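Remarks on the overall topology
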Amino acid sequence: MPEATIESVLQEGRVFHPPAELAASARIGSMEAYRALAAEAESDPEAFWGRLAREHLHWFEPFDTVLDWSQPPFATWFGGGRTNLSVNCLDRHLDGPRADKTALIWEGEPGDTRRFTYRELHAAVCRAANALRALGIGKGDLVALYMPMVPEAAIAMLACARIGAPHSVVFGGFSAEALRDRLIDGQAKLVITADGGFRKDKAVALKPAVDAALADGAAPSVEHVLVVRRTEQDCAMAEGRDLWWHELVDGQSADCPAEPMESEDRLFVLYTSGSTGKPKGVVHTTAGYNLWAHLTFQWIFDIREDDVHWCTADVGWITGHSYIVYGPLSNGATTVMYEGAPRPSKPGAFWEVIQKHRVSIFYTAPTAIRAFMKSGREVPDQYDMGTLRILGTVGEPINPEAWMWYRDVIGGDRCPVVDTWWQTETGGVMISPLPGATPTKPGSCTLPLPGIAADIVDLEGRSQPADAGGYLAVRRPWPGMMRTVHGDPERFRKSYWEHIRPADGSWLYFAGDGARRDADGYFWVMGRVDDVINVSGHRLGTMEIESALVSHPAVAEAAVVGRPDELKGEGIVAFVTLEAGRSGDDALMAELRGHVGQEIGPIARPDVIRFSDALPKTRSGKIMRRILRALAAGEEVSGDTSTLEDRSVLDQLRV
Ligand code: ATP
Ligand code: MG
């Protein structure tokens with residue numbers, strides 16, 4: 001853990017105001033309205049959260065305490081209350097016109113489509129929940145999901161929530177070993193999977209990985225495997241263990257009373273992306289998570305009755321949990337789920353989905369936006385995306401040039417961009433513009449949401465002055481915060497609560513990001529503190545140097561790391577991928593070094609620039625600088641690489 005704070009070198013002065021007609025009808029339509037909510041939260045946080053929980057969730061039993069923080073860092077919320085996430089997402093929409101509103105639009109990669117109204121989704125979830133009960137799954141039994149992006153993934157999640165069985169969704173692109181580790185760690189009793197899914201024009205098998213994960217009794221807690229038929233490829237079924245979804249689920253009753261869950265009953269376990277090391281099994285609980293997914297979705301996307309919301313994440317990540325499934329459905333919104341990805345045969349796949357389903361809110365990741373920039377605006381320009389009104393981004397810091405491109409080319413220079421900073425651990429978005437209220441600046445996630453006491457601090461927890469870099473921390477608990485690391489409360493305390501130790505003994509949540517706050521109070525994430533580069537005593541974040549590189553027209557994507565340097569402490573090594581049609585040579589290298597020198601100063605000029613076709617990323621699309629650091633120093637890549645997307649990238653980078 002580095003000691004000093006971080007220096008900021010990037011200058012970005014552009015400001016974009018919310019469109020007047022959006023602000024006029026927005027739920028939070030001005031900075032005054034935002035400040036009023038934030039002030040309410042500040043003056044009495046418990047009254048604030050209590051009010052929102054009563055107004056926004058259905059309760060079988062009202063809670064009698066809002067927050068118990070008597071044993072920090074372990075919080076409990078809404079004690080004494082009973083609620084159920086699937087009731088909040090489904091049953092409560094069935095009384096009025098929403099019953100026949102489309103809840104879920106699913107688009108398969110080959111172009112097949114399925115739609116569910118709220119009434120239909122409710123029935124499907126009840127059948128699945130009854131099937132789980134028939135398999136002996138009850139309250140507290142962990143169910144693992146290893147699924148393609150098919151409606152049954154969302155249905156299974158909601159069915160688990162309905163009967164009080166926590167789920168653990170494991171991204172369908174992970175290997176059998178990664179799945180096995182997570183099944184063992186969670187002591188899963190049931191695995192729900194599919195024969196396969198469609199990905200980049202191929203039927204990709206999934207079930208064999210489940211078989212391999214369970215081979216030789218490696219995960220003895222697993223009693224059954226429930227298999228959705230999707231691709232219809234050959235699929236071995238183990239007698240007595242494996243069952244087909246359609247054979248078990250379709251005949252069940254569509255009536256299934258929901259289990260009244262205690263607020264703090266475990267809702268799900270989900271592992272972090274593994275950008276910085278071994279993934280952590282993050283535990284979220286029922287009421288607090290539900291409230292936070294609900295509120296953040298409503299605030300950030302200014303959701304309206306006729307919106308069509310599409311989040312491109314996989315349900316295997318927290319973004320998929322909170323903003324494909326739970327946040328939208330809890331609000332009675334229409335949510336889109338897409339099985340496929342842009343691919344050589346269909347580079348405009350995303351834009352086609354937007355055009356076909358008249359998507360109005362689009363939420364994706366910087367890695368995707370940079371890839372679209374690389375292939376040029378000619379692709380999106382072929383589609384009608386006039387229905388869009390709000391764009392969102394999440395997952396990594398977004399470089400200002402990518403932000404501008406997103407706003408101009410995808411949003412027609414009309415849609416506000418909400419850059420949402422959050423983590424698996426935080427359950428929902430923490431820092432983000434509100435589209436009808438907050439003026440935005442490219443590259444800044446702007447201001448904390450009401451109730452979120454985010455701050456930039458030093459290691460003693462002292463707030464840092466404007467424009468000084470520091471640690472991005474949260475001073476007060478919030479309902480959606482993770483409760484513990486599954487099976488390892490000590491790791492929870494150590495990973496998040498022990499780096500920053502204020503003299504007054506108060507508790508600050510800190511999960512690894514460095515940031516600064518400008519004179520307007522806007523937050524600028526500068527990268528992971530583990531990745532900070534120390535050049536001649538200057539501590540530089542990765543994001544700013546990378547953004548300077550990306551602002552050069554030849555550069556598509558950049559990752560910078562430090563490597564030991566006798567004179568300077570550390571030298572800067574940049575790994576760069578180029579726009580289509582550009583080739584990396586000495587002249588371009590000199591030009592890029594000069595460009596960074598000009599944009600942010602000579603101190604940030606890379607010593608070495610290495611051009612490559614691709615960068616090492618996690619399966620969720622984040623750059624793994626830890627691996628590049630080892631390569632730049634000429635060391636063997638060690639530590640956990642199980643979450644790496646494409647191992648062949650490593651071999652390319654080694655030469
Ligand atoms: P691990 O914790 O296992 O290393 P991870 O941190 O990548 O993995 P996630 O919880 O998926 O796992 O990602 C959260 C992190 O993603 C944040 O801590 C931050 O570094 C980055 N991030 C997410 N959204 C943004 C954003 N809008 N701007 C900047 N960074 C972001
Ligand atoms: Mg993390």
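Read on for a plain summary of the structure. (Residues numbered from 1 in each chain as written. Chains lettered and ligands numbered in written order. Predicted model: local features only at pLDDT ≥ 70, side-chain atom pairs only at ≥ 80, totals over all residues. Heavy atoms only, no water.)

The environment of ligand 1 is formed by 21 residues, the closest being T272, S273, S275, T276 and T424. A distance of 2.8 Å separates an oxygen atom of ligand 1 from a polar atom in the side chain of D513. Contact with the protein chains hides 95% of the accessible area of ligand 1, taken as 630 Å² for the molecule alone. The residue inventory of the shell around ligand 1, partitioned by class, reads 5 nonpolar, 9 polar and 7 charged. (Near = heavy atom within 4 Å. Polar contact = N/O pair within 3.5 Å; in protein donor to acceptor, adjacent residues only side chain to side chain. Areas by Shrake-Rupley, 256 points an atom, 1.4 Å probe, with all protein chains shown as cover. Nonpolar A, V, L, I, M, F, W, Y, C, P; charged D, E, K, R; others polar.)

What follows concerns the environment of L135. Within the secondary structure, L135 sits in the loop between helix 5 (118-134) and strand 6 (143-145). Counting along the chain gives 43 residues from L135 to A178, while the straight-line C-alpha distance between them is 25 Å. Ignoring any residue separated from it by four or fewer positions in sequence, one finds L135 in contact with L190, H224, L243 and L248. (Helix = DSSP H or I, 4+ residues; strand = E, 2+ residues; numbered from the N terminus. Contact = heavy atoms within 4.5 Å.)

Our focus in this paragraph is helix 13 (residues 366-375). Most of helix 13 is tucked away, with 7 of its 10 residues classed as buried. Taken together, the buried positions of helix 13 are P366, T367, A368, I369, R370, F372 and M373. Looking at the buried residues of helix 13, the elements they touch are helix 12 (349-357), strand 18 (361-364), strand 19 (390-393), helix 14 (400-410) and strand 28 (555-565). G376 occupies a position one or two residues after helix 13 and carries a positive phi of about 95°. (Buried < 20%, exposed > 50% of the residue type's maximum accessible area, 1.4 Å probe, protein only.)

One open sheet holds the 4 strands; their spatial order is 21-22-24-25, and the pairing between them is antiparallel. Of all strands in the sheet, those bounded by a partner on one side alone are strand 21 (454-457) and strand 25 (523-528). The mean angle between the axes of side-by-side strands here comes to 45°, regardless of whether they run parallel or antiparallel. Bridge count between strand 24 (residues 509-517) and strand 25: 5 bridges; the pairing is antiparallel. (Pairing = 2+ DSSP bridges. Axes fitted to C-alpha atoms, helices over the stretch in contact; angles between N-to-C directions.)

Turning next to the sheet that holds strand 20 (residues 417-419). Ordered by their spatial adjacency, 7 strands build an open sheet running 5-4-17-16-18-19-20, and the pairing between neighbours is mixed. Both edges of this open sheet fall to strand 5 (113-117) and strand 20, since each of them pairs with a single strand only. Averaged over all pairs of adjacent strands, the angle between strand axes in this sheet comes to 20°, irrespective of strand direction. Examined bridge by bridge, strand 19 and strand 20 share 3 bridges and lie parallel to one another. Paired with L391 across the bridge in strand 20 is V417.

What follows deals with empty space enclosed by the protein. It is the rolling of a water-molecule-sized probe over the atoms that shows where space remains empty. Following the criterion strictly, the structure yields 6 cavities of 30 Å³ or more and no others. R370, E396, P397, N399, G527, T542, M543, E546, I623 and R625 together form the lining of the largest cavity. Element by element, the count of residues in the lining of the largest cavity is highest for helix 16 (residues 542-550), at 3 residues. (1 Å grid on protein atoms, 1.4 Å probe; cavity = no way out; pocket = protein on both sides within 12 Å on 5 of 7 lines; lining within 4 Å. Points joined across faces, edges and corners; volume = space filled by probe spheres on them.)

This part covers the packing of helix 16 against helix 17 (residues 586-600). Contact pair helix 16 / helix 17: the axes reach a minimum separation of 9 Å and the direction vectors enclose 120°. Looking at the two axes, helix 16 sits oblique to helix 17. As helix 16 runs across helix 17, the sense of the crossing is right-handed. Residues E544, I545, A548 and L549 of helix 16 lie in contact with helix 17, whose contacting residues are L592, H595, V596, E599 and I600. (Parallel < 35°, antiparallel > 145°, perpendicular 65-115°, else oblique. Left-handed = near helix turned anticlockwise from the far one by under 90°.)

On to the pairing of strand 9 (residues 196-199), then. As paired strands, strand 9 and strand 10 (residues 202-205) are joined by 4 bridges and run antiparallel to one another. Looking across to strand 10, one finds that G196 is bridged to A205. Turn length for the strand 9-strand 10 hairpin, with the two strands adjacent in sequence and antiparallel, is 2 residues, and the turn residue K200 shows positive phi of about 50°.

By the bridge criterion, 5 bridges tie strand 4 (residues 102-107) to strand 5 in an arrangement that is antiparallel. Considered in strand 5, the bridge of I105 is made with R115.

Negative charge collects at one region of the surface, where E177, D181, D185 and D488 lie side by side. Residue placement: D181 occurs in helix 7 (residues 176-186). (Patch = residues over 30% accessible without salt bridge, like charges linked within 9 Å, V, L, I, M, F, W, Y side chains within 5 Å. Salt bridge = Lys/Arg side-chain N within 4 Å of Asp/Glu carboxyl O. Lys, Arg positive; Asp, Glu negative; His and termini not counted. Charge placed at Lys NZ, Arg CZ, Asp CG, Glu CD.)

Turning next to the nonpolar core. W49, F78, L121, I192 and W299 are the most contacted members of the largest nonpolar core, which totals 122 residues. Among the elements that take part in this core, helix 6 (residues 151-163) stands out by supplying 10 residues, more than any other. For L121, the contacting residues outside a window of four places in its chain are L90, A103, L104, F116, I155, L158 and L329. Core analysis: the second largest hydrophobic core is formed by 31 residues, W310, W351, V379 and V409 among them. (Core = buried A, V, L, I, M, F, W, Y, C linked by side-chain atoms within 4.5 Å.)

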